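# An overview of the molecular structure
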2 protein chains.
Amino acid sequence: MAAKATAKAAVPGRSTSSYSEVQNNRLTVSLSLPSVLKNPFSVVDGPPSSAAGNPGEIGKLFPNLFGQPSVSLLPGHSSGAALNHNLKIGVVLSGGQAPGGHNVISGIFDYLQERTKGSTLYGFRGGPAGIMNCKYVELTADFVYPYRNQGGFDMICSGRDKIETDEQFKQAAETAKKLDLDGIVVIGGDDSNSNACLLAENFRGKGLKTRVIGCPKTIDGDLKSKEVPTSFGFDTACKIYAEMIGNVMIDARSTGKYYHFVRLMGRAASHITLECALQTHPNITIIGEEVAAQKQTLKSVTDYIVGVICKRAKLGYNYGVIVIPEGLIDFIPEVQQLIAELNEILAHDVVDEAGNWKKKLRSQSHELFELLPQAIQEQLLLERDPHGNVQVAKIETEKMLIEMVEAELENKRKEGSYTKHFKGKSHFFGYEGRCGLPSNFDSNYCYALGYGAGALLHTGKTGLISSVGNLGAPIGDWTVGGTALTSLMDVERRHGKFKPVIKKAMVELEGAPFKKFASLREEWTLKNRYFSPGPLQFVGPTSNEINHTLMLELGAKA
Amino acid sequence: MAAKATAKAAVPGRSTSSYSEVQNNRLTVSLSLPSVLKNPFSVVDGPPSSAAGNPGEIGKLFPNLFGQPSVSLLPGHSSGAALNHNLKIGVVLSGGQAPGGHNVISGIFDYLQERTKGSTLYGFRGGPAGIMNCKYVELTADFVYPYRNQGGFDMICSGRDKIETDEQFKQAAETAKKLDLDGIVVIGGDDSNSNACLLAENFRGKGLKTRVIGCPKTIDGDLKSKEVPTSFGFDTACKIYAEMIGNVMIDARSTGKYYHFVRLMGRAASHITLECALQTHPNITIIGEEVAAQKQTLKSVTDYIVGVICKRAKLGYNYGVIVIPEGLIDFIPEVQQLIAELNEILAHDVVDEAGNWKKKLRSQSHELFELLPQAIQEQLLLERDPHGNVQVAKIETEKMLIEMVEAELENKRKEGSYTKHFKGKSHFFGYEGRCGLPSNFDSNYCYALGYGAGALLHTGKTGLISSVGNLGAPIGDWTVGGTALTSLMDVERRHGKFKPVIKKAMVELEGAPFKKFASLREEWTLKNRYFSPGPLQFVGPTSNEINHTLMLELGAKA
């Protein structure tokens, strides 16, 4: 296989000569480690684990791994068997960027350098496909150095491929054998970690020595559990978005005539929106999970916004800031129903200009369709993905809401219950936040995750996700361990088969962050309690602050 | 006039209790002043001034002010007549927000406190309308304090009204008399400063004692001259946009599959786009002034982008970052022609579905119209302003370009000369940058502008714009003075009358910033020289850096 033989091509890495001063300053910052990682440690097994749901099915899907304990690193000399001192480890980035990924890799690298001298770290390029195609770069001290505390995933880049078919597992096993790998670290979100666990199971089943450890990554913040308190990147991304929202708030108050509708990344869960709300205090925040729980309609969401705008107008405020999650319409049941019906109709019928096709919609869906702004109607009918389906993800929800609010306010104006002029401005904050310089928290958290992953592989663990806890305490007191990935899993039925998945952590309406928000939002709505965090600082009193969501979940009374 | 009697209502200002730590830290930073403002100074007249153009007409329009000298503040005791020590001064913010406005007001306030004890500063609320309606707040030490070094214009808010009719000048004069004003400081852009000069002339003509001094504000950077090296806000806004662009660049390189099209504020001039390019090194930067000078068409701009994308594809880069100014299409002559024809047709004819109306377009305009993406065509035909005109400003140029590039690349693919998949992502960075915490440069520059404006009023000057120079030197060595507003003016003929205007400073294709960009852009296009400034820092080695545009214009060899 000639292609594979040349796969370890020399890849030019970053050069610090093109670094800005802020980037350079971050490079030279020394990272702290939890005390347990600074001294000799032993790995202590917890009790046997189960699954987040359907343990029977999970047990069948993971015969080699199911039930294995989660582990903790504790001070003291290891009594268990560590692997030999010349480890060969691969690392891969999977899925969307999140600030801190480079520090996870730095943490693994430093562990190997400091604890297993003579080891080799390979970086698989372009995500899991790099494992399958054996496309990698050997990570040396010189290569890794420029990426320390830097944003982006470009050290080895990422990808969205999955290793899931027999053929793909076979390819991965070939790579593992070829590189004589003792372990692979998969840095990714819920899907990628589910995959990591399947890979661990597959390798174990095949009798390969290659272990697999996961690391929790996603700015969306929806990969978390008791043992994995947060995914990295969430802290930084929210702080970047909050800086922008805070700026827009001061603009809104200064100009006095615009309603800013800010859509934030987060398709499946609304953690980013909730966190940014806690950081900035917008007048209105829509949380998808609440919309779904209350079975709200697009009309009721619109009416809520319109109601607030009218009340604010009476108080003399003809401006405001409204924050919504990217995935809002996915949370509205009637929209899902309409989309499903549209996909069916578009697949089989002709959309006639006279609109006779609409008769095929159920009455509620028809009503909803007619309520939508014309541009959205056209988008739904015209823009389809390669499978012919409506492209919900392409809908700019914030613009749709602006149009709907505008139309409804026009009605109110005609009735005389609204007398101002509504002007909406739309924003989408997304890509700006995925590759920013990681905050001090993300820098340190990722470094510990990576260093801990190194320790887990060194002690022969597999099928665990690197877990760093007690995050409200000083870094020295952070706990380090590994959580059995199977213990986080449930099954979903897809195409008639059970598929193991780590369930996404949604915003809990009974959780501390939402309750805190719910207790304050009324005040934020009518009074202006805007809070402007300003640009992310790396030195100074607030530079080590942790996001509200995590602190509240840790039990802080903020 | 009962309304006026109550106009000085108690206005609640900001409370620092709702401040973030970064905001609080900025509050307590002490500002530096140029040495000349720290000691006794005298105001020295320069030679008689002329006008930027048509001195004859300017002379007729400003019989009282034309020809007056610009002035410099020099160390030493004033030999001229200073006004008495109990000054009553008003200040007004005019036009769009720019970081640093609050510091101009703080500078005026501190001057009055420190040099003219017992003076009063009034803040006119909501822009020039506040002068006409005598709507103001008395600015006390407690009221002003929370706004120091803070973004926004909300201390007194701004507005876009103009004082230009006889009736409006009369209203302004009434306010000046009512409040017994010795002077007014107008903080605004080119238009607002033109207006300030008319107000100065009008008051002088009426024999009022009220003097008027302007201050150069606009993030767009298009109010500048030899004597007024930069407008405040430009520095901060560009740094905020550059942070975001830098993040997006790392994302582009990490993901490897998106072309990010970033539209930046700046309708009339492309300074922001040029500065952000110098700060971040995008693959493609479109400068409106160059497009206009080369009489480029929309097709040629599209072809240029498509050409670069194809070349990059051959080098293995299927991603990139493209930066364009908000006002791009205003710079393309054929688009202007099309818009003019459309306005004419829409005013008089029916737009029939069959498209017969298009026969009324000239052939070149017809061709251009057909080239436009459908959504843009519809927008041009459907969305009109209250005067029935096409709303050019509403066109999202970056999205239009993405669609046009996509269509052209599809042609190339059919020809076989392009084999990749193009995915464009659109961004607009605007409102995020207008109200950020001012950079150290803007904080200090604005404070000096305000303090200097106080000095100019104290020494009885009128019709000048506060001018702080030698900005490449340490703050202590900055020069302070006032430039005769009439010397910056030319006339434009509008509705058969001469109207005095400060000409907008466009990007000079022979100027140092553009030449620097032009010398580097080819390298940026095909090699990736992305530069990521990171978030604005207020302490540390780079926190006092000044934007490239200004440094290059000052003659720095960067």
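Residues numbered from 1 in each chain as written. Chains lettered and ligands numbered in written order. Predicted model: local features only at pLDDT ≥ 70, side-chain atom pairs only at ≥ 80, totals over all residues. Heavy atoms only, no water.

Inspection of the entire model under this criterion finds 58 salt bridges over all chains. The salt bridge involving D251(A) is made with R434(B); its shortest N-O contact spans 2.8 Å. Of this pair, D251(A) sits in helix α10 (residues 234-255) while R434(B) sits in helix α18 (residues 431-434), which puts the two residues in different chains. Owing to a relative accessible area of 0%, D251(A) belongs among the buried residues under this scheme. Residue E341(A) is joined to R362(A) by a salt bridge in which the shortest nitrogen-to-oxygen separation is 3.6 Å. Of the two residues, E341(A) sits in helix α14 (residues 333-348) while R362(A) sits in the loop between α14 and α15 (363-371), which places them 21 residues apart along the sequence. Assessed through its relative accessible area of 11%, E341(A) is described here as buried. (Salt bridge = Lys/Arg side-chain N within 4 Å of Asp/Glu carboxyl O. Helix = DSSP H or I, 4+ residues; strand = E, 2+ residues; numbered from the N terminus. Buried < 20%, exposed > 50% of the residue type's maximum accessible area, 1.4 Å probe, protein only.)

The final tally for this structure, using the stated rule, is 30 aromatic pairs over all chains. Their ring planes at 75° and their centres at 5.1 Å tell us that Y122(A) and Y136(A) sit as a pair that is edge-to-face. Of this pair, Y122(A) sits in strand β4 (residues 120-124) while Y136(A) sits in strand β5 (residues 136-138), placing them 14 residues apart in sequence. When its relative accessible area of 9% is taken as the criterion, Y136(A) is described as buried. Centroid distance Y317(B) to Y319(B): 5.8 Å. Interplanar angle 70°. Geometry classified as edge-to-face. Judged by its relative accessible area of 26%, Y317(B) is partly exposed. These aromatic residues form a ring-pair network of at least three members: F41(A), Y111(A), Y447(A) and Y451(A). R312(A) extends its terminal NZ or CZ atom over the ring of Y319(A), reaching a point 5.4 Å from the ring centre. (Phe/Tyr/Trp six-rings, centres within 6.5 Å; stacked < 30°, edge-to-face > 60°. Lys NZ or Arg CZ within 6 Å of the ring centre and 35° of its normal.)

It is worth spelling out the interface of chain A and chain B at this point. The accessible area lost on association of the parts is a frequent measure of interface size. Taken residue by residue, the interface counts 54 residues in chain A and 54 residues in chain B. Where chain A abuts chain B, roughly 4200 Å² becomes buried across the two surfaces, and 54% of that area is made up of carbon and sulfur atoms. Contact with chain B buries surface across chain A, with S254(A), Y431(A) and E432(A) losing the most and accounting together for 15% of the total. Where chain A packs against chain B, one counts 22 residue pairs in polar contact (both at pLDDT 80 or more). Secondary structure elements with two or more residues in the side of chain A that touches chain B: α2 (21-27), α10, β12 (424-429) and α18 (431-434) of chain A. Broken down by element, the residue count for the side of chain A that touches chain B peaks at 10 residues, all from α10(A). (Contact = heavy atoms within 4.5 Å. Buried area = accessible area lost by both parts, 1.4 Å probe. Polar contact = N/O pair within 3.5 Å; in protein donor to acceptor, adjacent residues only side chain to side chain.)

The transformation that overlays chain A on chain B combines an axial shift of 0.0 Å with a rotation of 180°, and the residual RMSD is 0.0 Å. Put plainly, the chains are arranged around a two-fold axis. For chain A, the smallest separation between a C-alpha atom and the rotation axis is recorded for P535(A), amounting to 2.9 Å. Of the residues that chain A buries at the interface, 100% are likewise interface residues in chain B, meaning the two copies contact each other through the same surface. (Least-squares fit on C-alpha atoms with pLDDT ≥ 70 in both.)

Another aspect to go through is the UniProt feature "binding site: diphosphate" (unreviewed entry) in chain A. All names here are of chain A. Within the UniProt annotation, "binding site: diphosphate" (unreviewed entry) is assigned to G96. Considering the arrangement of structural elements, one finds G96 in the loop between β3 (88-94) and α5 (101-115). The contact partners of G96, leaving out residues within four places of it in the chain, are F153, R160, K217 and R434. (UniProt positions renumbered as here; feature names shortened; annotations may be inferred.)

A word on the side chain of N103(B). Residues and elements named next belong to chain B. Note on placement: N103 falls in helix α5 (residues 101-115). Judged by its relative accessible area of 0%, N103 falls in the buried class. Contact partners of N103, with chain neighbours within four places excluded, come to L31, Y147, R148, N149, Q150, S443, C446 and Y447.

Here H427(B) is to be found in strand β11 (residues 424-429). Apart from the residues lying within four places of it in its own chain, the contact partners of H427(B) are Y431(A), E432(A), V248(B), H260(B), F261(B), V262(B), R263(B) and E398(B).

Further remarks concern the sheet that holds strand β9 (residues 284-285) of chain B. All names here are of chain B. If you trace the four strands from one edge of the open sheet to the other, you get β9-β10-β8-β11, paired in parallel fashion. Only two strands of the sheet have a single neighbouring strand rather than two, namely β9 and β11. As defined by bridge partners, strand β8 (residues 259-264) adjoins β11 across six bridges and the pair is classed as parallel. Bridging across to β11, H260 finds its partner in K425. In the packing of helix α10 (residues 234-255) onto the sheet, the strands contacted are β8, β10 (320-325) and β11, and the crossing angle to β8 comes to about 170°. (Pairing = 2+ DSSP bridges. Axes fitted to C-alpha atoms, helices over the stretch in contact; angles between N-to-C directions.)

Attention shifts here to the nonpolar core. Formed by 147 residues in total, the largest nonpolar core has its most connected members in L139(A) and L139(B). Once you skip the residues sitting within four places of it in the chain, L139(B) turns out to touch V91(B), I105(B), F109(B), L121(B), Y122(B), G123(B), V144(B), M155(B) and I156(B). (Core = buried A, V, L, I, M, F, W, Y, C linked by side-chain atoms within 4.5 Å.)

Glancing now at the environment of E326(B). Residue and element names in this part refer to chain B. Relative to the helices and strands, E326 is located in the loop between β10 and α14 (333-348). As for E326 and I309, which are separated by 17 residues in sequence, their C-alpha atoms are 22 Å apart. Not counting residues within four places of it along the chain, the set of residues in contact with E326 comprises R263, L264, M265, G266, R267, T397 and F428. One polar contact links E326 to R267, side chain to side chain, over a distance of 3.5 Å.

For the rest of this paragraph, the subject is helix α11 (residues 271-280) of chain B. Every α-helical turn comprises 3.6 residues, leaving residues that sit three or four positions apart pointing alike. Residues and elements named next belong to chain B. Burial within α11 is extensive, with 10 of its 10 residues counted as buried. H271, I272, T273, L274, E275, C276, A277, L278, Q279 and T280 are the residues of α11 that are buried. Where the residues of α11 are buried, they touch α10, β8, β9, β10, α20 (512-526) and α21 (548-553). Positive backbone phi, at 65°, marks H281, one or two positions downstream of α11.

Let us now look at the sheet that holds strand β10 (residues 284-285) of chain A. Residues and elements named next belong to chain A. Taken together, the four strands give an open sheet; going across it, the order is β10-β11-β9-β12, and neighbouring strands pair in parallel fashion. Two strands in the sheet have a free side with no partner beyond their single neighbour: β10 and β12. Of the strand pairs in this sheet, strand β9 (residues 259-264) and strand β11 (residues 320-325) are connected by six bridges, and their pairing is parallel. Paired with H260 across the strands is V321, a residue of β11. The strands touched by α10 are β9, β11 and β12; relative to β9, the strand with the most contacts, the crossing angle is about 170°.

With that settled, the discussion passes to the state of the cysteines. Simply put, disulfide is the name for a covalent bond between the sulfur atoms of two cysteines. All names here are of chain B. With the rule as written, the count across this model stands at zero disulfides over all chains. For C215, which is in no disulfide, the shortest distance to another cysteine sulfur is to C446 and amounts to 8.3 Å. For C215, a relative accessible area of 0% puts it in the buried group. (Disulfide = S-S within 2.5 Å.)

Residue and element names in this part refer to chain A. For chain A, the mean per-residue pLDDT works out to 93, and 97% of the residues sit at or above 70. Taken as a whole, residues 1-6 scores under 50 in pLDDT and shows seven contacts with residues more than four places along the chain or in a different chain. In the predicted assembly, ipTM is 0.95 and pTM is 0.95. (pLDDT = per-residue confidence, 0-100.)

Below, the discussion takes up the packing of α14(A) against α15(A). For any two helices packed against each other, the geometry comes down to the angle between their axes and how far apart the axes lie. All names here are of chain A. Between α14 and α15, the shortest axis-to-axis distance is 9 Å and the interhelical angle comes to 100°. Here α14 is positioned roughly perpendicular relative to α15, judged by the angle of their axes. In this structure, α14 contributes E334, V335, Q337, L338 and E341 to the contact, and α15 contributes Q364, S365, L368 and F369. When the residues that make up the contact of α14 with α15 are grouped by side-chain class, the tally is four nonpolar, three polar and two charged. (Parallel < 35°, antiparallel > 145°, perpendicular 65-115°, else oblique. Nonpolar A, V, L, I, M, F, W, Y, C, P; charged D, E, K, R; others polar.)

Attention now goes to the UniProt feature "active site" (unreviewed entry) in chain A. Residue and element names in this part refer to chain A. Per the UniProt entry, the sites bearing "active site" (unreviewed entry) are D220 in this numbering. On the secondary structure map, D220 appears in the loop between β8 (211-216) and α10. When near neighbours in sequence (up to four residues on either side) are disregarded, D220 contacts F234, M265, G266, H271 and I272.

Let us now look at the environment of A453(B). By the secondary structure assignment, A453(B) is in helix α19 (residues 440-458). When the C-alpha atoms of A453(B) and V186(B) are compared, they prove to be 9.7 Å apart, with 267 residues separating the residues in sequence.

Moving on to unusual backbone geometry. Phi at N470(A) takes a positive value of approximately 55°, unusual for a residue other than glycine. Residue position: N470(A) is located in the loop between β13 (464-469) and β14 (479-484). The exposure class of N470(A) is partly exposed, given its relative accessible area of 41%. Here the phi dihedral of K295(B) falls at roughly 45°; this positive angle occurs in a residue that is not glycine. Within the secondary structure, K295(B) is located in the loop between α12 (288-293) and α13 (298-314).

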